[in-house]
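# Summary of structural features
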Amino acid sequence: MGTTQSSLNEENLQSTKIKNLNEIRFHVQDQEHVVKTEDIDPNTSLNFYLRNHLHLTGTKVMCREGGCGSCVVVLQNKDPVTQKKIFLAVNSCLVPILSCNGWKIYTVEGIGDPLVGYHPVQKVLANFNGTQCGFCSPGMVMNMYALYESGKLTMQDVENSFGGNICRCTGYRPILTAFKSLCKDANPELLGQYPDIEDLVVCQREKCEWECVEQSDKSDKVPTYTLFEDTSKWIKVHTLKDLLKTMQSYTKLTYRLVAGNTAQGVYQAYANPVDLYIDVTSIPELTLYEFKGDSLVLGANITLSNTIEVFQNIAKTYPNFSYLNQMADHIDLIANVPVRNRATLAGNLMIKHDHNEFPSDVFLLLETVGALLTVVSVDGTQTIQRPSDFIKNEMKLKILLKVILPEYSNLVKLVSYKIMPRAQNVHAIVNAGFLFQFHPSYVLDKATIVYGNINPAFIHASSTETILQGANLFDNHTLQTVYANLSHELEADVRPPDPSPLCRQQLAISLFYKAVLFLAPDHLLSPRHLSGGPVLQRPISKGTQDYESNKSLYPLTKPIPKLEALAQTSGQAEYIEDMPDLHNQLHGALVLAHAPPNSKIIRIDTKKALEMEGIVAFFSKADIPGDNNFTPLGLSYINAKEEIFCSGRVMYYEQPIGILVGYREDVVQYAINLIELIYDESNVEPMLSTRQILKSGRTDRVIHVRTVQPKRKGNDVQHVLKGTFDIYQQYHFHMELQCCNVIPTEDGLNVYPSSQWMDLTQVAIANMLKIPNNKINVTIRRCGGAFGAKITRNGLVACAAALASWKLRKPVKLSLPLKTNMAAIGKRFPLSTDYEVGVNNSGIIQYLNCRHYTDVGAQRNEDISNEVVNFFSASYVPDTFTIDVNKTITDTPTNTFARAPGTLEGLAAIESIIEHIAISLNVDPIELRLRNLRTDTPLAKYVNELRTWANVDTRKQEITDFNKENRWKKKGIAAVPMAYELAIGGPYAAMVSIFHGDGSVQISHGGVEIGQGINTKVTQVCAYKLGIPMEKVSVVPSSSFVAANSTQTGSSITSEAVCYGTIQACDQLLARIKPVRDRLGNPTWEQLIQKCFEEFIDLTARGQYSPNEPNVQTYQVYGVCAAEVLLDVLTGQYLVTRVDLIEDTGESMSPEIDIGQVEGAFVMGMGYYTTEQIVYNYEGKLLTNNTWTYHPPGARDIPINFNVKFPKNNPNPVGVLKSKATGEPAVCLAVAVPLAIRHAVASARADAGTSDLWYPIDGPTTVENVFLNCLNDHTHYTL
Ligand SMILES: Cc1cc2nc3c(=O)[nH]c(=O)nc-3n(C[C@H](O)[C@H](O)[C@H](O)COP(=O)(O)OP(=O)(O)OC[C@H]3O[C@@H](n4cnc5c(N)ncnc54)[C@H](O)[C@@H]3O)c2cc1C
Ligand code: FES
Ligand code: FES
């Protein structure tokens, strides 16, 4: 393909006067802000400015890469293409503040608050229980606000638009339900639930209408201007000629064209400082489109959102461009809505240009359809290039100007695929584009075959394209030739953490076959193959929540939203990082050892970092006056000391070695890269997993814990099965990262950690500083998610911040960036199990010998051995089980509690063995379970209830029929029971104070509000006990003074425990005020309390929960769950089509809160078993350390039909107020999902011709895992 050249008009290149500005102006809400360039750095993000300069901390920040959505704000603007007024959700973490000149921005505080009234979006999210920890809520609200204000919203729009907003707590169902209630096509029952819409005061924007936008707009319309005279420059250009001129003037400078500025979310290097930034977002030539001749010509910097809209509109009107529909659908799978609102075609192509390995979907599509790119040099020379040539050409001082798309007759068919590890917001495992140009028959004039993510150099399957020229596509011989050729042509490289070369190569071949099935006329296809062509289509999700509440006990058992919900949805709720900076505020950054495990530290060279302006000090273990340990012995669960900072031998890659502090967080984060670690590398191979340890015979790394002997052995052994079971780490993915704020007092420290355990924080800091415990005051308002990660691990962060604060006597905030958080902090304990099981012909277990290994990481601290054993034995008759438990020590960060620690693992191991037996013996898995279930539990009753309620047996028959009729789509179903013994511990305190002034009540307790609704339950209980309205009760932050010595918030028990303490306190208060009440007859509450006050009655009381207290007993939580999946055998992708879950919650104190716990836990478990994979390199460096590589479930990964039921009339005789705990158990039930997938895969394996239908659980059942285990063989890929 040749290139054509032309020259821009000479006049275009004439100089334009560039105006120097020293400020920019923009509106936030209705207020204009003027930013002086002398006050900021060009790399400052809008997010940083909002949070740190304007103190609008409702907008959160987490990943800083466009991958979590917590930072979303709304931009009100004119669409450059349509000129319509638009509301755009954008990621404030990726928007440079200097781009904002003339913008109008809304943050969550600006659309509604307690004074002006809440916006409908804020209100529905709160009322439908769409918040738990609330950290994601402002981002959710703003993403929805943009959709809502854009009007004509459908439920499908809502379902499709939250791929970039991660919520780890709720499981998304209530968020989607809330937002769908605002849609024009909302189900009537949803609309009926809409809260008092009439009296909603919708934001102040009505007042200003568009005036301020128009005004702001004008301020950006000054001709090309430059900011920063002397240092790095920011130049905003409005015309192409100015752009070229500008680039001509500064040829020696390093520069970056700033379009959407989102590329830094993919490759961090795009955030590196340069000399010159040129903002190209307002250049019409780059952002508009036109038809030229037969071609559609797009400005290269048109955004992806606009591209989708333009493509959809053109495809509707022009038949020869109908292929653009497919392109629009594919682009809809790129990133997420806020990213696409800013990301541009040119920016995407430039990433591909700079990093050929990048699996760009834009590049793939454009190359497939034969698009051409116009590139212009600064001298005005234009060249037209194919995308595949463009990525090889030098682009320095050149601009990507246009994208030219050809028209095609209806004989040309485009099919494209993006196979992803989860439904949305993730890059492709493999992407593929096929353009088939047919003769008026099945014979091809030409075929274009493009694949992404095969290897950096791979673009076209060129020799296969040649084979297909003139061939009949719908012919089995042609197809086999193609597959054979592709097998040679597709040389996938090894690129962890991306899936294996085998997977990517085979998937690519399979996609070709899928395209053929999709295009081939039905009559040419075997009926069993027909369903193989279409991709999985996900309908709008739905769910039911079935529970009862007892009105006679209200407010106890009343279904209510979280008390803090409106504060969370309006951005008023404060998290640690939102606390205002104080005079002399310092910020810290952890310095990590970028050295393989077992390396010996020789020296830490901090000279360069300390020389940087604004850097104050560096502290390491040498500066610790007391104990270099953040896990103080003597506290429950703590078995070993753990270093705050490495003391010499590096225990794991990226172990913290010190803290650097300075005045600005961004400067400190930059400066840590200047610290050099000088170390001796060890020649001992790092041990990164249990299997590696066992294989290498490193018995010194295996610690035997105990062996449980069987009570008997059955004598009817007809079948013996051996197998393995392995599950690995899970990153907790709490949205608020590990952080702590420490403020020195005159004699100690006030500490505000994002911790689940105040006592540990207090003792650890005191021991480290060698000062008394009573000098450390710990206060916690809430955590933005925790899931076990903040039980002990936050101790490290709190100690580091406290050390710096103590040494400098200045306030220090320390918040770990996502990558540091993921690399330095341990995760869920992996479990490996070897087993041998003997069963009779009915599948009844005669003996089971198993050996468990829990991988504790670098230190054997928290212990889950007991839980593993107990839950392994909890559901099925365990008399014949021999259970051996061991711990293995690996060179990874010390692992830690994660939601249902040990319990999830133990339960999953036995369920996997049961399924192995069922599939191997071809016995119905539910029947097999019933045969082996313990008889001393009501589990059989639960299983049978589920069968009826969820219609399981009929569906199973339908699935069997479906699987017979379909070769390339399969369904699967699995049901698992759960007996969850609640661990009780303590102490947990609660203090209740009644104020005489108005009779209002305040509670402070020893638990931590981590999203589980503890404060709501405590309030309900207190109001119930005292017989007063809930409005009279408030809960204030937890404090180490009020609730001294309280233990960790964990094990699901804390809500109940602090309710117990509250009841005790209320009982004391009621006893004290009773005589006065009796005397007064029938006083109002206020009169009664005032009188008690006058009689010097103590109106404060404290209660405590612990195993020593009367009526504190353990109990079982029972549950059962059925999951159904639909699998695409040719891609490995699947939909979780239905989940029915029954969990025994006793008489729920707060049913909506408990529904939230159950749904959220289940989805977190689903993520663990499906999309969340942790990958290390051979040295132990974590490769999955950001949102680009680690994938918790998104809104379109959840069950499509999710039904939850709490058994009715089911009081817990030994629970607090007859309730049961809900925080963790449901996470265990999620194992039904990988088992359902295995059921579906078993059918594919049978069709593939193997008799070995079972394959072991070995980590998450990812798309790669499923695809490879379907044993696809391309000789079977026939019509
Ligand atoms: C969370 C997330 C998920 C993503 N997922 C996907 C995905 O699944 N598939 C996929 O393909 N992509 C994905 N992307 C990439 C995304 O498409 C790109 O980040 C985006 O298109 C870049 O465009 P931009 O305008 O933001 O570029 P910018 O960040 O503004 O610029 C990037 C580079 O391009 C240069 N540049 C910009 N315009 C021009 C021009 N006209 N001429 C010459 N150079 C120019 C700049 O100098 C800079 O070097 C994802 C991104 C994020 C953040
Ligand atoms: S912080 Fe901006 S998307 Fe995560
Ligand atoms: S409520 Fe969504 S992350 Fe916690």
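Residues numbered from 1 in each chain as written. Chains lettered and ligands numbered in written order. Predicted model: local features only at pLDDT ≥ 70, side-chain atom pairs only at ≥ 80, totals over all residues. Heavy atoms only, no water.

## Some words on a nonpolar patch on the surface
Together, Tyr-289, Phe-291 and Tyr-318 line one region of the surface with nonpolar side chains, adding up to about 260 Å² of accessible area. Tracing the sequence through the fold places Tyr-289 in strand S12 (residues 289-292). (Patch = residues over 30% accessible without salt bridge, like charges linked within 9 Å, V, L, I, M, F, W, Y side chains within 5 Å. Areas by Shrake-Rupley, 256 points an atom, 1.4 Å probe, with all protein chains shown as cover. Salt bridge = Lys/Arg side-chain N within 4 Å of Asp/Glu carboxyl O. Helix = DSSP H or I, 4+ residues; strand = E, 2+ residues; numbered from the N terminus.)

## Regarding the sheet that holds strand S4 (residues 31-36)
The strand order S4-S3-S7-S5-S6 describes an open sheet built from five strands, whose pairing is mixed. Two strands bound the open sheet, and with one partner strand each, they are S4 and strand S6 (85-91). The mean inter-strand angle of the sheet, taken between neighbouring strand axes irrespective of direction, is 35°. Bridge count for strand S3 (residues 23-28) against strand S7 (residues 104-106) is two bridges, and the pairing is parallel. Along S7, the bridge assignment pairs Val-28 with Ile-105. (Pairing = 2+ DSSP bridges. Axes fitted to C-alpha atoms, helices over the stretch in contact; angles between N-to-C directions.)

## Here's the deal with the pattern of salt bridges
Overall, the coordinates contain 61 salt bridges when judged by the stated rule. Across the pair Arg-51 and Asp-578 runs a salt bridge, and its minimum N-O distance is 2.8 Å. Taken as a pair, Arg-51 in helix H1 (residues 46-53) and Asp-578 in the loop between helix H20 (565-569) and strand S21 (586-593) lie far apart in primary sequence, 527 residues in all. A relative accessible area of 6% places Asp-578 in the buried class. Among the salt bridges present, the one from Arg-386 reaches Asp-389, with a minimum N-O distance of 3.9 Å. Since its relative accessible area comes to 22%, Asp-389 is described here as partly exposed. A cluster of three or more residues bridged by salt bridges with shared partners is formed by Glu-23, Arg-25, Glu-32 and Lys-36. (Buried < 20%, exposed > 50% of the residue type's maximum accessible area, 1.4 Å probe, protein only.)

## Quick notes on the site of ligand 1
Ligand 1 sits among 36 residues. The nearest are Thr-262, Asn-301, Thr-344, Asp-361 and Lys-418. Residue Ala-259 places a main-chain N or O atom 2.9 Å away from an oxygen atom belonging to ligand 1. Breaking the shell around ligand 1 down by element, the ones donating at least two residues are strand S10 (255-258), helix H14 (345-354) and strand S16 (398-405). Take the shell around ligand 1: its biggest share by element is five residues, from H14. A per-class count over the shell around ligand 1 returns 19 nonpolar, eleven polar and six charged. (Near = heavy atom within 4 Å. Polar contact = N/O pair within 3.5 Å; in protein donor to acceptor, adjacent residues only side chain to side chain. Nonpolar A, V, L, I, M, F, W, Y, C, P; charged D, E, K, R; others polar.)

## Quick notes on the packing of helix H2 (residues 120-127) against helix H5 (residues 173-180)
At a minimum axis separation of 8 Å, H2 and H5 run at an interaxial angle of 140°. Classed by the angle they form, the pair H2 and H5 counts as oblique. You can see that H2 and H5 cross each other, and the crossing is right-handed. Note on element contacts: H5 touches H2 through Ile-175, Ala-178 and Phe-179, opposite Val-121, Val-124 and Leu-125. Taken together, the residues that form the contact of H2 with H5 break down as six nonpolar, no polar and no charged. (Parallel < 35°, antiparallel > 145°, perpendicular 65-115°, else oblique. Left-handed = near helix turned anticlockwise from the far one by under 90°. Contact = heavy atoms within 4.5 Å.)

## Considering the UniProt feature "binding site: FAD" (unreviewed entry) in the chain
Per the UniProt record, "binding site: FAD" (unreviewed entry) is found at Leu-400 and Lys-418. In terms of the greatest pairwise C-alpha distance, the residues named above, spread along 19 residues, do not form a single cluster, extending to 25.0 Å across. Ignoring sequence-local partners within four residues, the contact set of Leu-400 consists of Leu-286, Ala-300, Asn-301, Ala-346, Leu-349, Leu-373, Thr-374, Val-375, Phe-390 and Met-395. Tracing the backbone shows Lys-418 in strand S17 (residues 412-419). Look at Lys-418 and you get buried, because its relative accessible area is 7%. Among residues more than four places away in sequence, those in contact with Lys-418 are His-330, Leu-333, Ile-334, Asp-361, Val-426, His-427, Ala-428, Val-430, Asn-431 and Gln-1133. In terms of polar contacts, Lys-418 uses its side chain to reach the backbone carbonyl oxygen of Leu-333, at 2.7 Å. (UniProt positions renumbered as here; feature names shortened; annotations may be inferred.)

## A few points about the packing of aromatic side chains
Counted under the stated rule, the structure contains 39 aromatic pairs. Taken together, the aromatic side chains of Tyr-417, Phe-434, Phe-436, Phe-438, Tyr-442, Tyr-451, Phe-458, Phe-474 and Phe-512 make up a single cluster linked through ring pairs. Over the face of the ring belonging to Tyr-575 we find Arg-782, whose NZ or CZ atom lies 5.5 Å from the ring centre. When the ring centre of Trp-968 is taken as reference, the NZ or CZ atom of Arg-967 above it lies at 4.0 Å. (Phe/Tyr/Trp six-rings, centres within 6.5 Å; stacked < 30°, edge-to-face > 60°. Lys NZ or Arg CZ within 6 Å of the ring centre and 35° of its normal.)

## Here we look at the nonpolar core
Counting residues in hydrophobic clusters, the biggest one holds 250 residues, and the most contacted among them are Phe-179, Phe-434, Phe-436, Tyr-451, Phe-512 and Phe-1162. Excluding residues that lie within four positions of it along the chain, Phe-512 makes contacts with Phe-434, Phe-436, Ile-449, Tyr-451, Leu-468, Leu-473, Leu-479, Val-482, Tyr-483 and Leu-486. Of all hydrophobic cores here, the second largest spans 46 residues; its members include Ala-798, Cys-799, Ala-802 and Ala-989. (Core = buried A, V, L, I, M, F, W, Y, C linked by side-chain atoms within 4.5 Å.)

## Description of the confidence of the model for the chain
For the chain, per-residue confidence averages 94 on the pLDDT scale, and residues scoring 70 or more make up 95% of the total. Under a pLDDT of 50 for its full length, residues 1-15 has, in the predicted model, 31 contacts with residues more than four places off or in other chains. Low confidence marks residues 194-216, where pLDDT is under 50. Its contacts with residues over four positions away, or in another chain, come to 47 contacts. (pLDDT = per-residue confidence, 0-100.)

## Some details on the UniProt feature "binding site: [2Fe-2S] cluster 2" (unreviewed entry) in the chain
Under the feature "binding site: [2Fe-2S] cluster 2" (unreviewed entry), the UniProt entry names Cys-133, Cys-136, Cys-167 and Cys-169. Maximum C-alpha separation among the annotated residues is 9.3 Å over a sequence range of 37 residues, consistent with a single clustered spot. In this structure Cys-133 comes out as buried when scored by relative accessible area, which is 5%. With near-sequence residues (within four places) excluded, Cys-133 lies in contact with Cys-169, Gln-568, Tyr-575, Cys-783, Gly-784, Gly-785, Ile-1010 and Gly-1011. Along the chain, Cys-167 falls in the loop between helix H4 (155-160) and H5.

## Some remarks on the pairing of strand S32 (residues 831-839)
Burial within S32 is extensive, with seven of its nine residues counted as buried. Pairing geometry for strand S27 (residues 719-727) and S32, over nine bridges, is antiparallel. What sits directly across from Thr-724, in S32, is Asp-834. Examined bridge by bridge, S32 and strand S33 (residues 845-857) share nine bridges and lie antiparallel to one another. Each bridged residue has a counterpart across the sheet, and for Asp-834 the counterpart in S33 is Arg-851. Where S32 folds back onto S33 in an antiparallel hairpin, the turn is made up of five residues, including Gly-843, whose phi is positive at roughly 85°.

## Things to note about helix H18 (residues 476-489)
With 14 residues, H18 ought to run about 20 Å at 1.5 Å a step, and its terminal C-alpha atoms sit 20 Å apart, in line with that. All buried positions along H18 are accounted for by Thr-478, Leu-479, Val-482, Tyr-483, Asn-485, Leu-486 and Glu-489. If you follow the buried residues of H18, they end up packed against strand S19 (444-452), helix H17 (462-468) and helix H19 (501-519). (Expected span 1.5 Å × (residues − 1).)

## Examining unusual backbone geometry
The residue after Pro-496, namely Pro-497, is reached through a cis peptide bond having omega 10°. Mapped onto the elements, Pro-497 comes out in the loop between H18 and H19. In this structure, Pro-987 follows Gly-986 across a cis peptide bond, with omega equal to 0°. The phi angle at Asn-584 is positive, at roughly 70°, despite the residue not being glycine. Despite not being glycine, Lys-770 has its phi angle at roughly 60°, a positive value.

## Overview of the environment of Leu-50
Here Leu-50 shows up in helix H1. Owing to a relative accessible area of 0%, Leu-50 belongs among the buried residues under this scheme. Measuring from C-alpha to C-alpha, the distance between Leu-50 and Gln-1113 comes to 49 Å, with 1063 residues separating the pair along the chain. Beyond its immediate stretch of four places on either side in the chain, Leu-50 contacts Val-28, His-55, Leu-56, Thr-59, Val-73, Ser-92 and Thr-107.

## Digging into the packing of helix H33 (residues 1054-1080) against helix H34 (residues 1085-1094)
Interhelical geometry of H33 versus H34 gives an angle of 120° and a closest axis separation of 10 Å. The angle between H33 and H34 places the two elements in the oblique class. Along this stretch, H33 crosses H34, giving a crossing that reads as right-handed. Touching Ile-1073, Val-1076, Arg-1077 and Leu-1080 of H33 are Trp-1085, Gln-1087, Leu-1088, Ile-1089, Lys-1091 and Cys-1092, all from H34. Residue composition of the contact of H33 with H34, by class: seven nonpolar, one polar and two charged.

## Examining the environment of Tyr-1060
Tracing the chain through its elements places Tyr-1060 in helix H33. Overall, the relative accessible area of 11% leaves Tyr-1060 in the buried class. Along the chain, Tyr-1060 and Asn-1111 lie 51 residues apart, while their C-alpha atoms are 10.0 Å from each other. Residues contacting Tyr-1060, with those up to four places away along its chain left out, are Gln-1104, Tyr-1105, Glu-1109, Pro-1110, Val-1112 and Val-1216.

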